[in-house]
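Structural overview for review
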Amino acid sequence: MKTNIIDKQQKWLLKKFHTLCGRLGMSTEEKRAMIFDNFGVESSADISINELLTICFALEKQLNPDLQELDRWRKRAMAAIGGYLQATGQQNTCDKIKAIACRASGYDNFNKIPKQRLIDIYYAFKNKQKTFKQ
(Lines give C-alpha, C1' and ligand atoms only; values in the text may rest on other atoms or scores of the structure.)
Protein backbone atom coordinates (compact mmCIF):
# COMPACT_ATOMS: atom_id res chain seq x y z
CA MET A 1 0.00 0.00 0.00
CA LYS A 2 2.74 2.45 1.00
CA THR A 3 4.82 1.72 -2.13
CA ASN A 4 1.69 2.26 -4.24
CA ILE A 5 1.32 5.78 -2.81
CA ILE A 6 5.02 6.46 -3.38
CA ASP A 7 4.73 5.22 -6.97
CA LYS A 8 1.77 7.53 -7.62
CA GLN A 9 3.60 10.50 -6.08
CA GLN A 10 6.71 9.79 -8.13
CA LYS A 11 4.67 9.48 -11.33
CA TRP A 12 2.93 12.78 -10.58
CA LEU A 13 6.27 14.49 -9.90
CA LEU A 14 7.80 13.05 -13.08
CA LYS A 15 4.87 14.41 -15.06
CA LYS A 16 5.27 17.79 -13.38
CA PHE A 17 9.02 17.74 -14.08
CA HIS A 18 8.52 17.06 -17.78
CA THR A 19 5.72 19.63 -18.02
CA LEU A 20 7.93 22.30 -16.44
CA CYS A 21 10.81 21.41 -18.74
CA GLY A 22 8.45 21.70 -21.72
CA ARG A 23 7.17 25.08 -20.56
CA LEU A 24 10.79 26.24 -20.30
CA GLY A 25 11.41 25.04 -23.85
CA MET A 26 14.04 22.48 -22.91
CA SER A 27 14.99 19.87 -25.48
CA THR A 28 15.35 16.19 -24.62
CA GLU A 29 19.13 16.52 -24.71
CA GLU A 30 19.04 19.49 -22.32
CA LYS A 31 16.83 17.55 -19.88
CA ARG A 32 19.16 14.55 -20.00
CA ALA A 33 22.21 16.73 -19.46
CA MET A 34 20.55 18.46 -16.50
CA ILE A 35 19.54 15.14 -14.95
CA PHE A 36 23.00 13.66 -15.42
CA ASP A 37 24.84 16.77 -14.19
CA ASN A 38 22.70 17.18 -11.06
CA PHE A 39 21.94 13.60 -10.09
CA GLY A 40 24.36 11.36 -12.02
CA VAL A 41 21.58 9.28 -13.56
CA GLU A 42 20.55 8.78 -17.16
CA SER A 43 16.78 8.84 -16.76
CA SER A 44 14.38 11.04 -14.84
CA ALA A 45 12.70 7.85 -13.60
CA ASP A 46 15.82 7.16 -11.51
CA ILE A 47 15.53 10.40 -9.54
CA SER A 48 14.23 10.09 -5.98
CA ILE A 49 11.05 11.82 -4.83
CA ASN A 50 12.97 14.35 -2.72
CA GLU A 51 15.25 15.19 -5.64
CA LEU A 52 12.23 15.56 -7.93
CA LEU A 53 10.63 17.96 -5.46
CA THR A 54 13.81 20.01 -5.34
CA ILE A 55 14.28 20.20 -9.08
CA CYS A 56 10.60 20.96 -9.73
CA PHE A 57 10.76 23.84 -7.25
CA ALA A 58 13.89 25.18 -8.96
CA LEU A 59 12.23 24.93 -12.39
CA GLU A 60 9.10 26.69 -11.10
CA LYS A 61 11.26 29.54 -9.81
CA GLN A 62 12.87 29.86 -13.25
CA LEU A 63 9.46 29.92 -14.85
CA ASN A 64 8.04 32.47 -12.42
CA PRO A 65 10.53 35.04 -11.07
CA ASP A 66 7.89 36.31 -8.62
CA LEU A 67 8.19 33.01 -6.75
CA GLN A 68 11.90 33.65 -6.32
CA GLU A 69 11.24 37.14 -4.93
CA LEU A 70 8.55 35.77 -2.58
CA ASP A 71 10.96 33.09 -1.39
CA ARG A 72 13.58 35.76 -0.64
CA TRP A 73 11.11 37.75 1.48
CA ARG A 74 10.05 34.60 3.33
CA LYS A 75 13.67 33.96 4.25
CA ARG A 76 14.23 37.58 5.24
CA ALA A 77 11.14 37.62 7.45
CA MET A 78 12.20 34.38 9.11
CA ALA A 79 15.71 35.76 9.70
CA ALA A 80 14.33 38.97 11.21
CA ILE A 81 12.03 37.07 13.57
CA GLY A 82 14.84 34.65 14.44
CA GLY A 83 17.19 37.57 15.13
CA TYR A 84 14.64 39.16 17.44
CA LEU A 85 14.10 35.90 19.32
CA GLN A 86 17.84 35.43 19.66
CA ALA A 87 18.31 39.00 20.89
CA THR A 88 15.65 38.47 23.55
CA GLY A 89 17.19 35.15 24.60
CA GLN A 90 14.26 33.04 23.44
CA GLN A 91 14.51 29.71 21.71
CA ASN A 92 14.08 30.06 17.97
CA THR A 93 12.96 27.05 15.99
CA CYS A 94 11.68 27.10 12.45
CA ASP A 95 8.17 26.16 13.55
CA LYS A 96 8.09 28.86 16.22
CA ILE A 97 9.30 31.50 13.75
CA LYS A 98 6.65 30.50 11.21
CA ALA A 99 3.95 30.54 13.90
CA ILE A 100 4.96 34.07 14.93
CA ALA A 101 4.89 35.20 11.29
CA CYS A 102 1.44 33.68 10.83
CA ARG A 103 0.14 35.34 13.98
CA ALA A 104 1.62 38.68 12.93
CA SER A 105 0.13 38.47 9.43
CA GLY A 106 -3.24 36.94 10.27
CA TYR A 107 -2.71 33.99 7.93
CA ASP A 108 -2.91 30.37 9.03
CA ASN A 109 -0.26 29.08 6.60
CA PHE A 110 3.20 30.63 6.35
CA ASN A 111 3.46 29.93 2.62
CA LYS A 112 0.19 31.80 1.97
CA ILE A 113 1.44 35.10 3.40
CA PRO A 114 1.63 37.64 0.54
CA LYS A 115 4.83 39.48 -0.28
CA GLN A 116 3.76 42.84 1.14
CA ARG A 117 2.85 41.32 4.50
CA LEU A 118 6.24 39.54 4.58
CA ILE A 119 7.95 42.88 3.92
CA ASP A 120 5.94 44.47 6.75
CA ILE A 121 6.86 41.64 9.11
CA TYR A 122 10.53 41.91 8.15
CA TYR A 123 10.74 45.62 8.91
CA ALA A 124 8.65 45.33 12.07
CA PHE A 125 10.97 42.71 13.54
CA LYS A 126 14.11 44.56 12.40
CA ASN A 127 12.76 47.62 14.26
CA LYS A 128 12.00 45.46 17.31
CA GLN A 129 15.60 44.22 17.26
CA LYS A 130 16.94 47.78 17.16
CA THR A 131 14.63 48.88 19.96
CA PHE A 132 15.56 45.92 22.13
CA LYS A 133 19.31 46.48 21.62
CA GLN A 134 18.98 50.14 22.66
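What comes next is a walk through the structure. No experiment lies behind these values; they were computed from the predicted model shown.

What follows covers the overall build of the chain. Of the regular secondary structure elements, the chain holds 6 helices and 0 strands. Ordered by position from N to C terminus, the α and β elements of the chain give α-α-α-α-α-α. For a compact globule of 134 residues, the expected C-alpha radius of gyration is about 14 Å, and the chain comes in at 19 Å, more than 25% above that figure. For the chain, the spread of C-alpha atoms along the three principal axes comes to 60 × 35 × 25 Å. Looking at the chain as a whole, 32% of its 134 residues qualify as buried. By sequence separation, contacts in the chain at least 24 residues apart represent 53% of the contacts at least 6 residues apart.

This next bit is on the nonpolar core. Residues Ile 81, Ala 101, Phe 110, Ile 113, Leu 118, Ile 121 and Phe 125 are the most contacted members of the largest nonpolar core, which totals 19 residues. Contributions of two or more residues to this core are made by helix H4 (65-87), helix H5 (94-105) and helix H6 (115-133). Considering every element that reaches this core, the biggest residue donor is H4, with 8 residues. Beyond its immediate stretch of four places on either side in the chain, Ile 121 contacts Ala 77, Ile 81, Ala 101, Ala 104 and Ser 105. With 14 residues, the next largest nonpolar core counts Leu 14, Met 34, Ile 35 and Cys 56 among its residues.

On to the environment of Asp 66, then. Tracing the backbone through its elements, the reader meets Asp 66 in helix H4. Spatially, the C-alpha atom of Asp 66 lies 9.4 Å from that of Lys 115, the residues being 49 residues apart in sequence.

What counts and how
Positions within a chain are numbered from 1, following the residues in the order the chain's sequence is written. Local features are withheld for residues below a pLDDT of 70 in this predicted model, meaning they are given only at 70 or higher, and side-chain atom pairs are given and counted only at 80 or more; totals for whole chains, interfaces and linings count all residues. Heavy atoms throughout the structure, all of them, feed into the side-chain values; hydrogens and water do not. Strands here mean DSSP runs of E at least two residues long; helices mean DSSP runs of H or I at least four residues long; both are numbered from the N terminus. For this measure, only C-alpha atoms enter the radius of gyration; the expected value for a globule follows 2.2 Å times N^0.38, where N is the number of residues. When a residue's accessible area, from a 1.4 Å probe over protein chains only, is under 20% of the maximum for its type it is buried; when over 50% it is exposed; and in between it is partly exposed. Every residue pair with non-hydrogen atoms within 4.5 Å of one another is taken to be in contact. Remark: nonpolar core denotes a set of buried residues (Ala, Val, Leu, Ile, Met, Phe, Trp, Tyr, Cys) joined through side-chain atoms within 4.5 Å.

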